[in-house]
Amino acid sequence: MNELQLATARAIVNVFETGRVQGNYSGIAVAKGDSGHLSYGRSQASLGSGALYDLLSDYCQCPGARYATALTPYLPRFQQKDVTLDTNMLVRQILKDAANLDPLMRATQDRFFDRRYLSPALMAAEALGITDPLSQTVIYDSTVQGGWARLRGRLAAPVTGKTRDWVRQYVDVRRAWLMSLAAPLPSTVYRMDTFKSLMVADKWDLDLPLIAHGVTLTEESLAADVPVSNAKPRALILTSPYLRGADVEAAQRSLVAKGLPATMDGVYGPFTDGLVKRWQTSQAIPENGVGPLTRASLGL
Amino acid sequence: MSQLARACCVVVLSLPWAWCTAWGGETATPAAAAAPVAAPVLRDFVPKYTDSTQSAYFAESGGGKQPLVSHERIVTLVLRGSGFQTGADQDKNLIFINDDHMHVTWGSCQGRKFGTEASPVGNQIFAESVSDEEIHLCGVVVPPHGEIRVKVGLGEKLSDQKSYQVYSMGRTSVTAIAAVVALALALLPLWLLSFLPSSYRISTQDYKLRLLFLDPQTDTYSLSKLQFYLWTVAALFSYAYFFISRVIVQYSDWPDVPATLPGIIAVAAGTSISSQVITISRGSKGAGPVTPGFADLITSGGVVAPDRIQMLLWTLFGVGAFLIAVVEQYPGTMDALPTIPERLVYLMGLSSAGYLGGKLARKPGPVINEFSVIPSEPDETLARAGSLAQSQMPDFSTAILSASGRLAALPRAAGARAQAGVDALSRALSAAKSVQTTSDLNGLWNTLEQLRAAAGDAAEGAAVDFANAPDDAARASRQSDAGLTQSVAALLQDLSADLTSALASAAAVPMAAVTAPPLATRTITLRGTNLSTDEALFEIDHLELPFRILRNSQGNHAPDILVREDSAPTLARIMRLTIEPTTLSDDDLIQFRHWFESPGTHTFTITNGDGQQAEIMFALPPGAGQKTGVSR
């Protein structure tokens, strides 16, 4: 997969897990059971499995990690899987702030979860001779949600040249398997239904745009909502769900400064888009959404 | 003989003198005898019998227009001797069959036809004097008793009478009939077995007819039973062969049971019974593989036993040799069953003694009668049950509270578009709050998608309304509506994402229970006989189950012996193997998972110190095969 396809694969699984293209880096949940307890991050590294300690340990070792000092004292307790951390509100707040305010935590999560889920999934796909980006995403999703190793053994190895048939069969088997499990797992079959829809739409190469669980994925929506300082600014266009972020809020602020009554909600919705079009008309800017020309004209 | 007849013979008919003698029953001096004639000499037939005949259809004159057709068996006789007339004089040879002078047509036997049912011929014997030492007679009708007595005459001189026997059946026919009789008798017990209400099940296979050969204690094919049956069938066949030969072929009386047969049966039965007695007193051999096979005949508990091999070979050789000796006997002349050479009987006795001695010398082997694994479900099923126990509905409260709070913070909707957006969000919140069941949950996503679309439409409509406002006043009034509607639509999108996130988090718990289940301690209980405890090798699916993964009640790496054998304290009748997965190394744990993780059928093997084995199949979860079949 190329970089865009990798980003799309991550985004699809993010949508399945969090309903958001970028995922929920600050998501915290507490689950019952030895393998659960406190879990955190884009793909929910859990205290019980030891993954949460590994993630935070990676983060604290990053030079410049803003919350390393606050988290380091807790690392031994994370390592010992101290379940009292489940209810430690201070730790929870540190974790949320680190994800929301420190790009390094998000970058660390990306690396960590790629290493833990994406890389093994791509290796498993390669071992089976599966090269379609969509098929690889199916395996990636299974490694994130769980059960890949268990279900893969139920199918004979794919025949060379017929890997797509194998993946279709796997999706059917997995859907039936999810339906047979305890609640609320049957309600997560939307993941398999999405893959089936993408197969029907011939999206084997993950060509954009595509729709996953009601979320439209575009190049713009895949771009980070809080871009790092040296990254290229993303274009703001009207999509579903609406683009959010500081860049949208900055655009709205400029529109207000230009005399257009934007609502400062940080949402690039129909109203904001209408105001942008009004501004572009007044300035004779032939552009869809907030691109380089509009951005320059707004002083962004 | 009357004077008239004698006169006819001599003067009118010029018939040979000897014929007249036979007719008249009185010897007289031929009137035309001019010179002394030597009597022909007829030697014994070689061979003296046959069972090979031809069919002939002879026309007989009856009362009606259509001739009667009689079907006869005919043979060709070759008369050998000396003094036969040849050439033009060959018709001077006189042929007497069963004391009757026969009218023969002299010429060649070659190409003679003896009619068919549709075109019968006259009853006629053809004769050809090949030389003065050989005469061929063709078309000689076989009399009912099969005996053909022949004399050759020349003038008044007659040869000695020689007898030739035609039997109704030869070896092939008698062998076939005897085989059918023996087979029918052998099949009788099989037919009776077919009336058993239920078959005997070993593993997943049903055994009914093969029960005859099974040793029920070990569920293996029994060599002693096989040899007993083989000798019994051989005895049946041989007596049937003898009986048919004597009664049907030779027209003799019902023959007495030959002295050979009881001896054979006695040896076979003695071996079989002695074998049973040794088994009871010494213990059985090992049960060997799960299902019986032909290898059982030469193995004991899966170990090749030379004493069994020699027993099998000598049995097959003895039975085969005896049967060959029987069928070598010609049915027409058979007067007794062949006697088995003394030395062969002696060798067979030694073979039986070797077999029985081997049983005595060998240690008893393991037999597994009952096998159980507790828990009986595979880890996967247990995990599923565990995940069901952890079944839970997702906690939407945080998402609902967040959305409700943000909605409350928004200004009141003034326009219809904004109100439509707010209504969609309110309905989405209500739908999320009302989720109680899996069915509610499954329906929630469709509801959210529709409401998101409605809110999006409202936001777009409000934005268009704002853009199309005719004047600044209208634009100002529509501005807040457009901004609010956009915010509400975005809020609904956030709510939808938060609900998805809550669902994924909740699903992670039962998923973890399924994909990384806690492994159950497994207790395997074996019931049987001669189960070695200290020297045994245990295997599942032919992969070693080493002692190091066992943990008995004393905490040692060994089995628990619950009941010992009375006669051999190192052997157990009931044994327990306990495996605690939490104490296993990574490699052993992989093996443990392979055996107990998924549903399937496995084979358990115990091998005693002397190499004798017993196998049993078990299923996780237990199926019909384990409940009724694997009892070995």
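What you see is a predicted model, and the numbers here were worked out from it, not measured in a lab. (Residues numbered from 1 in each chain as written. Chains lettered and ligands numbered in written order. Predicted model: local features only at pLDDT ≥ 70, side-chain atom pairs only at ≥ 80, totals over all residues.)

**Quick word on the overall build of chain A**
Inference 1: Summing up its helical and strand segments, chain A has 14 helices and seven strands in all.
Inference 2: Within chain A, buried positions represent 44% of all 300 residues.
Inference 3: Taking as baseline every contact in chain A between residues at least 6 positions apart, the subset at least 24 positions apart corresponds to 48%. (Helix = DSSP H or I, 4+ residues; strand = E, 2+ residues; numbered from the N terminus. Buried ≥ 20, exposed ≤ 12 C-beta atoms within 10 Å, placed from the backbone. Contact = placed C-beta atoms within 7 Å.)

**Remarks on the overall build of chain B**
Inference 1: Within chain B, the secondary structure is distributed over 14 helices and 26 strands.
Inference 2: Taken across its 632 residues, chain B has 36% of its residues classed as buried.
Inference 3: Relative to all contacts within chain B whose residues are 6 or more apart in sequence, the contacts with residues 24 or more apart total 71%.

**Side note on the sheet that holds strand β26 (residues 613-620) of chain B**
Residues and elements named next belong to chain B.
Inference 1: With antiparallel pairing, the four strands of this open sheet are ordered in space as β22-β21-β25-β26. Sheet topology places β22 (543-544) and β26 at the edges, where each strand pairs with a single neighbour.
Inference 2: Across four bridges, strand β21 (residues 537-540) lies against strand β25 (residues 600-607) in antiparallel orientation. Within the sheet, the bridge partner assigned to L537 lies in β25 and is T607. (Pairing = 2+ DSSP bridges.)

**Section: the interface of chain B and chain A**
Inference 1: Listed as interface residues are 47 residues of chain B and, on the opposing side, 41 residues of chain A.
Inference 2: Of all the elements in the fold, those that place two or more residues in the side of chain B that touches chain A are α8 (379-389), α11 (438-467) and α12 (472-515) of chain B.
Inference 3: In terms of residue count, the dominant contributor to the side of chain B that touches chain A is α12 of chain B (26 residues).
Inference 4: Here the side of chain B that touches chain A is composed, by residue class, of 26 nonpolar, 17 polar and four charged. (Nonpolar A, V, L, I, M, F, W, Y, C, P; charged D, E, K, R; others polar.)

**As for the nonpolar core**
Here is a general trend for soluble globular proteins: nonpolar side chains tend to be buried in one another's company.
Inference 1: Of all hydrophobic cores here, the largest spans 114 residues; its most connected members are L52 of chain A together with L425, A428, A432, A455, V488 and L492 of chain B.
Inference 2: Considering each element in turn, this core owes the most residues, 20 residues, to α12 of chain B.
Inference 3: With residues near it in sequence (within four places) discarded, L492 of chain B still touches A424, L425, A428, L451, R452 and A455 of chain B.
Inference 4: Counting 51 residues, the second largest nonpolar core, distinct from the first, contains I95, L154, A178 and A234 of chain B. (Core = buried A, V, L, I, M, F, W, Y, C linked by C-beta atoms within 7 Å.)

**Re the packing of helix α7 (residues 133-145) of chain A against helix α10 (residues 190-200) of chain A**
Residues and elements named next belong to chain A.
Inference 1: Between α7 and α10, whose axes approach to 11 Å, the crossing angle comes to 175°. With respect to their mutual orientation, α7 and α10 come out roughly antiparallel. Within the contact between the two elements, α7 uses L134, V138, D141 and Q145 and α10 uses R191, F195, L198 and M199.
Inference 2: Across the contact of α7 with α10, the residue classes tally to five nonpolar, one polar and two charged. (Axes fitted to C-alpha atoms, helices over the stretch in contact; angles between N-to-C directions. Parallel < 35°, antiparallel > 145°, perpendicular 65-115°, else oblique.)

**Side note on the pairing of strand β8 (residues 125-131) of chain B**
All names here are of chain B.
Inference 1: By the bridge criterion, three bridges tie strand β7 (residues 104-106) to β8 in an arrangement that is parallel. Each residue of the ladder has a partner; that of V104, found in β8, is I125.
Inference 2: Two strands pair when backbone bridges link them, and β8 and strand β9 (residues 134-141) are joined in this way by five bridges, in the antiparallel orientation. Bridge pairing in β9 links A127 to L137.

**A word on the sheet that holds strand β19 (residues 367-374) of chain B**
Residue and element names in this part refer to chain B.
Inference 1: Spatially, four strands are ordered β19-β20-β24-β23 in an open sheet, and the strand pairing comes out antiparallel. The outermost strands of the open sheet, each flanked by one partner alone, are β19 and β23 (560-564). Neighbouring strand axes in the sheet, compared pairwise and without regard to direction, differ in orientation by 15° on average.
Inference 2: Here eight bridges tie strand β20 (residues 522-532) to strand β24 (residues 571-579), and the two strands are oriented antiparallel to one another.

**Focus on the environment of R80 of chain B**
Inference 1: Position of R80 of chain B relative to the elements: it lies in strand β4 (residues 68-82).
Inference 2: If sequence neighbours within four positions are ignored, R80 of chain B has contacts with R43, E133 and E134 of chain B.

**With respect to the confidence of the model for chain A**
Residue and element names in this part refer to chain A.
Inference 1: Within chain A, residue pLDDT values average 89, and 95% of them lie at 70 or more.
Inference 2: When pLDDT is averaged over each element of chain A, α10 comes out on top at 96 and strand β1 (residues 28-31) at the bottom at 78.
Inference 3: The model gives residues 225-230 a pLDDT under 50, and that stretch makes nine contacts with residues more than four places away or in other chains. (pLDDT = per-residue confidence, 0-100.)

**Section: helix α9 (residues 163-180) of chain A**
Residue and element names in this part refer to chain A.
Inference 1: In this model α9 runs 25 Å from its N-terminal to its C-terminal C-alpha over 18 residues, within 8% of the 26 Å that 1.5 Å per residue would give.
Inference 2: Turning to α9, its buried residues are V167, Y170, V171, R174 and L178. Taken end-on, α9 shows its buried residues confined to a sector of 105°, consistent with a single buried face. Residues D165, D172, A176 and S180 are exposed on α9 and point more than 90 degrees away from its buried face.
Inference 3: Of the surrounding elements, those touching the buried residues of α9 are α7, α8 (148-152) and α10. (Expected span 1.5 Å × (residues − 1). Arc of directions from axis to C-beta.)

**Here's the deal with the pairing of β25 of chain B**
Residue and element names in this part refer to chain B.
Inference 1: In terms of strand pairing, β25 meets β26 through eight bridges, oriented antiparallel. Bridge pairing links T601 to A619 in β26.
Inference 2: Where β25 hands over to β26, the hairpin turn is made up of five residues, of which G611 adopts a positive phi near 95°.

**A short note on unusual backbone geometry**
For residues other than glycine, phi is negative in most cases, and the peptide bonds are mostly trans.
Inference 1: Between S240 of chain A and the following residue, P241 of chain A, the backbone shows a cis peptide bond with an omega angle of -5°.
Inference 2: The amide bond that connects V46 of chain B to the next residue, P47 of chain B, takes the cis arrangement and shows omega of -10°.
Inference 3: Of note, P47 of chain B is situated in the loop between β1 (41-42) and β2 (49-50).

**A word on helix α3 (residues 171-193) of chain B**
An α-helical turn contains 3.6 residues, so any two residues separated by three or four positions project in the same direction.
All names here are of chain B.
Inference 1: Between the first and last C-alpha of α3 there are 33 Å, a value that for 23 residues agrees with the 33 Å anticipated at 1.5 Å per step.
Inference 2: The sharpest bend along α3 reaches about 30° and sits at L187, with the proline P189 one to four residues further on.
Inference 3: Turning to α3, its buried residues number three or more, namely V174, A178 and A182.
Inference 4: Tucked into the core, α3 has its buried residues touching α4 (223-249). (Bend = angle between axes of the 7 residues up to and from the residue.)

**A few points about the environment of P289 of chain B**
Residues and elements named next belong to chain B.
Inference 1: Examined against the element boundaries, P289 turns out to sit in the loop between α5 (260-282) and β17 (299-300).
Inference 2: Residue classification places P289 among the buried residues on the basis of 22 C-beta atoms within 10 Å.
Inference 3: For the pair P289 and T603, spaced 314 residues apart in sequence, the C-alpha separation works out to 9.4 Å.

**Section: the packing of α3 of chain B against α4 of chain B**
Residues and elements named next belong to chain B.
Inference 1: Between α3 and α4, whose axes approach to 8 Å, the crossing angle comes to 135°. Overall, the two elements α3 and α4 adopt an arrangement that is oblique. Of the two possible hands of crossing, α3 and α4 adopt the one that is right-handed. Every residue of α4 that contacts α3 at V174, T175, I177, A178, A179, V181, A182, L185 and A186 is listed here: V233, L236, F237, A240, Y241, I244, S245 and V249.
Inference 2: Partitioned by chemical class, the residues of the contact of α3 with α4 number 15 nonpolar, two polar and no charged. (Left-handed = near helix turned anticlockwise from the far one by under 90°.)

**A short note on the confidence of the model for chain B**
Residues and elements named next belong to chain B.
Inference 1: Averaged over all residues, the pLDDT of chain B equals 82, while 88% of them reach at least 70.
Inference 2: Across chain B, β1 holds the top mean pLDDT of 94, while helix α14 (residues 624-629) sits lowest at 38.
Inference 3: Scored below 50 in pLDDT, residues 1-33 shows 34 contacts in the model against residues more than four places distant or in partner chains.
Inference 4: Note on residues 624-632: pLDDT under 50 across the span, and 28 contacts to partners over four residues away in sequence or across chains.
Inference 5: Model confidence for the complex: the whole-complex pTM is 0.56, and ipTM, which rates the interface, is 0.89.

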